[in-house]
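Commentary on secondary and tertiary structure
Listed below, chain by chain, are the residues.
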Amino acid sequence: MKTHEQYINRCIELARNGLGTTYPNPLVGSVIVHNGTIIGEGWHQKAGEPHAEVNAVNSVQDKSLLSEATIYVSLEPCSHFGKTPPCCDLIIHHKIPNVVVGTVDPFAKVAGNGIRKLVEAGKNVTVGILENDCNELNKRFFTFHQKKRPYIILKWAESQDGYIAPLYKDEQKPVWVSNTYSRQLVHKWRNEEQAILIGTQTVIDDNPKLNTRDWSGNDPIRIVLDRTGRIPDNAAVKDGSVKTIIFTEVENMQNTASLFFENCIFDIKLPHTIMAALYRHNVQSLLIEGGQKTLQLFIDAGLWDEARIFKGAIMLNEGIKAPVLKGTMSNRQQIMNDELLIFRPHD
């Protein structure tokens, strides 16, 4: 007989299938068990489409078994009408007697109301199974609702001797520090996160598209810092292919269908100003791929949740030094001749 933890772990595995496609909704997986046998599974696949519990119930062939079953769900079932009906009502309607929940939903319209509604309906509800793992699964959703800003991931590649780029790029644009497989992984990350941010100099030096051309998936929203309007109109980031937000001190810039200007002051408060604006744009996660100055700006402001650093095999001997970051290494892995280091803030 499997344990609650094993079934919730399966919910987490299912939920991860929706990474990058469920925004602004959280990642949720659900499993339905009858007499020790899984009879239904599902996960939330896209905003506006059925939730995990609905897909799990719909996958059960013999609905009569539901009245004797246990439904497992990684996140508290919703109790409000959004784009879809409340999942609590579905559980009550099918007379599922037992409900096991990984963690409570911090979203104001749920926030314990789903659990309360199920208990009041006479359901046997268990809460807090693999809670930390379930919270980690929805770190983007939770950060957005609890801290009123996106979940921030810093990313850069540095040489063995600690440089992110040579001093001069006379011929090759850009100069690659990491290998092909690491760069493909970055494109996978771009599909998983809602937005990507770079600074002015990166645009001018490399003219990046910031898309997922090396991976199948959605292109992220592009966030660009352009204090004095130096970025030319023919830059790839202004091609209109995807929503782009440009932060600038230049006034009276005209928005278009896909290009939005946020007028702000480039002072010490800039990182917090950017976060407040992205919260208004409903951006839940942000991958920062800028140059040294842009990355250091957010590090010094204490605005980062995760840093993903590729250590390449090459030596540059001189160049632009990598950002200075203090954190705790949470993971490291080898990608051919590159090493990927994952850091979290000390707290």
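What counts, and at which threshold
- Residues numbered from 1 in each chain as written.
- Predicted model: local features only at pLDDT ≥ 70, side-chain atom pairs only at ≥ 80, totals over all residues.
- Heavy atoms only, no water.
- UniProt positions renumbered as here; feature names shortened; annotations may be inferred.
- Salt bridge = Lys/Arg side-chain N within 4 Å of Asp/Glu carboxyl O.
- Pairing = 2+ DSSP bridges.
- Helix = DSSP H or I, 4+ residues; strand = E, 2+ residues; numbered from the N terminus.
- Axes fitted to C-alpha atoms, helices over the stretch in contact; angles between N-to-C directions.
- Contact = heavy atoms within 4.5 Å.

The name given to the protein chain in an unreviewed UniProt entry is Riboflavin biosynthesis protein RibD, with the source organism recorded as Flavobacterium supellecticarium. Listed in UniProt under the heading Function (unreviewed entry), the comment for the protein chain reads: "Converts 2,5-diamino-6-(ribosylamino)-4(3h)-pyrimidinone 5'-phosphate into 5-amino-6-(ribosylamino)-2,4(1h,3h)-pyrimidinedione 5'-phosphate."

Once that is clear, we can look at the pattern of salt bridges. Pairing is possible between side chains of opposite charge, provided their charged atoms come close. Taken as a whole, this structure holds 19 salt bridges when the rule is applied. Note that Lys 238 is salt-bridged to Asp 233, the shortest N-O span being 3.4 Å. Among the ionic pairs, Arg 332 bridges to Glu 339, the shortest N-O distance being 2.7 Å. Each of Glu 136, Lys 139, Glu 306, Arg 308 and Arg 344 takes part in salt bridges that share partners, so that together they form one network.

Another aspect to go through is the sheet that holds strand β16 (residues 338-344). Strand order in this open sheet of nine strands is β11-β10-β9-β8-β12-β6-β13-β16-β15, and the pairing throughout is mixed. Edge positions in the open sheet fall to β11 (259-263) and β15 (328-335), since each of these has one partner strand only. Neighbouring strand axes in the sheet, compared pairwise and without regard to direction, differ in orientation by 20° on average. With five bridges joining them, strand β13 (residues 306-311) and β16 adopt antiparallel strand pairing. Note on β16: the bridge partner recorded for Ala 307 is Phe 343. Packing against the sheet, helix α7 (residues 180-192) makes contact with β6 (151-158), β8 (195-198), β12 (285-288), β13, β15 and β16, and its axis sits at approximately 160° to β13.

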